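So the chains spell out like this:
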Amino acid sequence: MQLALRALARWGRSPATLILAALAVTRPALAEPLRLADVLAIALRDNPAIATAGQRAQALRARPAQVSAFDDPTLSWEAWDIPESWRIDAAENNIFRLTQKLPFPGKRRLAGVAATHEADAAGEEARGTRLDVRAAVTRAYADLWFAGERARIIARDRALFERSARTAESQYAIGQTAQADVLRAQVELTHSVIAQRTAGLTIDAARAELNALLSRTPDAPLGDPEPPPVRPIDTPLATLIERALGTRPELAGQRAMIEREQSGVALAELGYLPDFEVSVGRFLNYGRSDGFGAMASVTLPFAHLEKYGAATSEARVRVSGAESALRGLQDGVRRDVAQAYAQANAAALEYELARSTHVPHAEQAVSATEAAYASGAVSFAALLDALRTMQDTHLQHAEAAADWLRAVAALERAVGGALDAAAE
C-alpha cells in the first residue's frame, strides 16, 4: 500500500495512475529465515508418501511367515448309512477326521525366502521414496528462494525505472526530448509494476508447493529461504558414480528382486516333487466296537510334467529379465549422476561469472548510460536497453544459484544420499 501512496503522490490522481497504484499493492514479504535442513527434517517426518511406502514395506515383512506356514489342518465329520428316522447316533458310522497337507520339504522355506526378498525390495523402494521427497523438497525450496529473489530484484530495479521516467519528464519539460520518451518511460514503469505483482503470485505458488510436500496447508507461513551456498562439486565424477552404484535403493531393490526370482526357480524345480496329505480318524460305529482310521495320499506330478517344465522355464526367464533390468538401471544411474554433476558445475560457473563480471558490468553500463542520456549523448531507447540488460543479468545471476541447488538435488538423488556423507 505504501508503494501505491507514493505513486499517487508522484503522478496525481489520473486513471492510469490509479491503475498503477492498485497493481503495486502486493503481499508482505516472508519474514523469518528458513533453513533447508529444517525443511527436509519436517518433510521426512510428515510427508504422506514416505509413510505410505514405509507401511507397504512393513506389511510385506509379514508375508514370509504366512507363505512358509503349513496350510490349516482340516477337521471333518462324516456319517454313513443314517436311518430314515434321521437318528445320527444310529448311523452305521460316525467318523471324525483330522487332515493335514504336507508340501515336499523345502517348498515352504523357499516360498518364505522369496517373500523375504520381495519385502527387502519394498524396503528399498521406501528408501527411494525418501530420496524422491528430499529432491522434491530441495527443488521447491530453490523455487521459493528464486521467487523471492526475483521479487526483490524487480522491486529494486523498479526504482531505476522510476528515476528514468523522472529524467525523461525533466528532459521533455526543457524541450530536450520528445514526448514519446515520456510515454515509453510510463509504459516501462507499468510493466515493472505488473512484474512486481506477478512476482508476489509466484511466491504464493512456490510456497504452496513446498507446503504440500510438508503436508501443510498451502498458505501456512514459511520464512525466507537462505541463499544457496553455490560452489563447484569437488568430488570426482568417478567417485560419485561408484558410490551411486553401491548405494542407490533402486539397484539394491532390483538385486533383491533377482534373488526373489532365483528362489522362484528353485521353487519351480521342486514342483516336480510330490506333496503329501495325511489324516487320522475316529470311527464311532453303531452296534459295534469303535475304532481308529488313518489315511495318506500323495500327488503325482509326473502326470503333468509339461506344466512344471513350463513353470521352471518361466522362472528362469524372469531371472534373466530381472538381471537385464539391473543392467539398465545401472546405466541410468551412471547417466543421471553424470548429467546432474555437469549441470551443477555449469550453474556454479555461470553464477560466478555473473557475480564477478556480468553484474558489475551491467550496473556500470546503467550508470554511464544514465549520465549520457542526461547530457543528451544517447537516446532514451539506449537507457531502457541498459536498464533491461541489468535486470536480466541480476535475474540470471539469481537463477544460476537456484539452478545449482536444483542440480545438487538431482545429483544427491542420483547418488542415493547427501553429497556429504557426514550430513547424511
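Residues numbered from 1 in each chain as written. Predicted model: local features only at pLDDT ≥ 70, side-chain atom pairs only at ≥ 80, totals over all residues. Heavy atoms only, no water.

1. Here's the deal with the overall build of the protein chain
At step 1: Along its length, the protein chain carries 11 helices and six strands.
At step 2: Out of the 424 residues in the protein chain, the part that is buried amounts to 39%.
At step 3: Within the protein chain, contacts between residues at least 6 apart in sequence are counted, and of these 78% link residues at least 24 apart.
At step 4: Per element, the accessible surface of the protein chain, about 22,900 Å² overall, is 58% carbon and sulfur. (Helix = DSSP H or I, 4+ residues; strand = E, 2+ residues; numbered from the N terminus. Buried < 20%, exposed > 50% of the residue type's maximum accessible area, 1.4 Å probe, protein only. Contact = heavy atoms within 4.5 Å. Areas by Shrake-Rupley, 256 points an atom, 1.4 Å probe, with all protein chains shown as cover.)

2. Describing empty space enclosed by the protein
At step 1: Tallied over the entire structure, the rule returns one cavity of 30 Å³ or more.
At step 2: Looking at the largest cavity, its volume works out to about 60 Å³.
At step 3: Surrounding the largest cavity, Leu 40, Leu 131, Arg 134, Ala 135, Thr 138, Ala 409, Glu 412 and Arg 413 form its lining.
At step 4: Of all elements in the fold, only α6 (107-173) and α11 (380-415) reach the threshold of two or more residues within the lining of the largest cavity.
At step 5: No other element matches the four residues that α6 contributes to the lining of the largest cavity.
At step 6: Tallied by class, the residues present in the lining of the largest cavity amount to four nonpolar, one polar and three charged. (1 Å grid on protein atoms, 1.4 Å probe; cavity = no way out; pocket = protein on both sides within 12 Å on 5 of 7 lines; lining within 4 Å. Points joined across faces, edges and corners; volume = space filled by probe spheres on them. Nonpolar A, V, L, I, M, F, W, Y, C, P; charged D, E, K, R; others polar.)

3. Comments concerning the layout of surface pockets
At step 1: Estimates place the volume of the largest pocket at around 810 Å³.
At step 2: Looking at the largest pocket, it is lined by 31 residues, and the ones nearest its centre are Leu 36, Arg 134, Val 408, Glu 412 and Ala 418.
At step 3: For the lining of the largest pocket, the elements supplying multiple residues, two or more each, are α3 (36-46), α6 and α11.
At step 4: When residues in the lining of the largest pocket are grouped by element, the largest group, six residues, is from α6.
At step 5: Of the residues belonging to the lining of the largest pocket, the class tally is 19 nonpolar, three polar and nine charged.

4. As for the packing of aromatic side chains
At step 1: Taken as a whole, this structure holds two aromatic pairs when the rule is applied.
At step 2: Ring plane angle 50° and centroid distance 6.2 Å describe the contact between Tyr 272 and Tyr 308, whose orientation is recorded as tilted. Placement of Tyr 272 in the loop between α9 (249-269) and β5 (276-285) and of Tyr 308 in helix α10 (residues 305-374) is noted, with a sequence separation of 36 residues between them.
At step 3: Residue Tyr 272 is classed as partly exposed on the basis of its relative accessible area of 36%.
At step 4: Across from the ring centre of Phe 70, 3.8 Å away, lies the NZ or CZ of Arg 108, which sits over that ring. (Phe/Tyr/Trp six-rings, centres within 6.5 Å; stacked < 30°, edge-to-face > 60°. Lys NZ or Arg CZ within 6 Å of the ring centre and 35° of its normal.)

5. Section: a nonpolar patch on the surface
At step 1: Together, Tyr 272, Leu 273, Phe 276, Val 298, Leu 300, Phe 302 and Leu 305 make up a nonpolar patch on the protein surface, roughly 640 Å² of accessible area in all.
At step 2: Topologically, Phe 276 is positioned in strand β5. (Patch = residues over 30% accessible without salt bridge, like charges linked within 9 Å, V, L, I, M, F, W, Y side chains within 5 Å. Salt bridge = Lys/Arg side-chain N within 4 Å of Asp/Glu carboxyl O.)

6. Observations regarding α11
At step 1: In a regular helix each residue adds 1.5 Å, so 36 residues correspond to 52 Å; α11 covers 52 Å between its end C-alpha atoms and thus fits that length.
At step 2: Among the residues trailing α11, Gly 416 stands out with phi positive, at a value near 105°. (Expected span 1.5 Å × (residues − 1).)

7. Regarding α10
At step 1: Taking 1.5 Å of rise per residue, the 70 residues of α10 would be expected to cover 104 Å, and the 97 Å separating its terminal C-alpha atoms lies within 8% of that figure.
At step 2: The sharpest bend along α10 reaches about 50° and sits at Ala 354.
At step 3: A positive backbone phi angle near 85° is found at Gly 376, which sits one or two residues after α10. (Bend = angle between axes of the 7 residues up to and from the residue.)

8. Considerations on the pattern of salt bridges
Think of it this way: side chains of opposite charge can pair up when their charged atoms draw near.
At step 1: This model, assessed by the stated rule, comprises 24 salt bridges.
At step 2: A salt bridge links Arg 248 to Glu 250; the shortest N-O distance between them is 2.8 Å.
At step 3: You can call Arg 248 buried: its relative accessible area is 9%.
At step 4: Residue Arg 355 is joined to Glu 352 by a salt bridge in which the shortest nitrogen-to-oxygen separation is 2.4 Å. Pair noted here: Arg 355 and Glu 352 are both in helix α10, with a separation of three residues, about one helical turn.
At step 5: On the basis of relative accessible area, Glu 352 is assigned to the partly exposed category, the value being 34%.
At step 6: Sharing partners across several salt bridges, the network here consists of Asp 132, Arg 248, Glu 250 and Arg 413.

9. Quick notes on the confidence of the model for the protein chain
At step 1: Mean pLDDT for the protein chain: 85, with 85% of residues reaching 70 or above.
At step 2: Of all helices and strands in the protein chain, the one with the weakest mean pLDDT is helix α2 (residues 15-23) (38), whereas α9 scores best (96).
At step 3: Below pLDDT 50 for its whole length, residues 1-31 participates in 41 contacts with residues either more than four positions away or in separate chains. (pLDDT = per-residue confidence, 0-100.)

10. Remarks on unusual backbone geometry
At step 1: Not every positive phi belongs to a glycine, and Asp 81 is a case in point at roughly 55°.
At step 2: Considering the arrangement of structural elements, one finds Asp 81 in the loop between β2 (74-80) and β3 (93-102).
At step 3: Backbone geometry at Ser 215 places phi at a positive 60°, although glycine is not the residue there.
At step 4: Take Ser 215: it is sitting in the loop between α7 (179-213) and β4 (224-225).
At step 5: A relative accessible area of 45% places Ser 215 in the partly exposed class.

11. A few points about the packing of helix α8 (residues 237-247) against α10
At step 1: Remark: α8 packs on α10, axes separated minimally by 10 Å, with the N-to-C direction vectors making an angle of 140°. Our classification of the angle between α8 and α10 gives oblique. The crossing of α8 and α10 is right-handed. From α8, Leu 237, Leu 240, Ile 241, Ala 244 and Leu 245 reach across to α10, where they touch Gln 330, Val 333, Arg 334, Val 337, Ala 338 and Tyr 341.
At step 2: Here the residues of the contact of α8 with α10 are counted per class, giving nine nonpolar, one polar and one charged. (Axes fitted to C-alpha atoms, helices over the stretch in contact; angles between N-to-C directions. Parallel < 35°, antiparallel > 145°, perpendicular 65-115°, else oblique. Left-handed = near helix turned anticlockwise from the far one by under 90°.)

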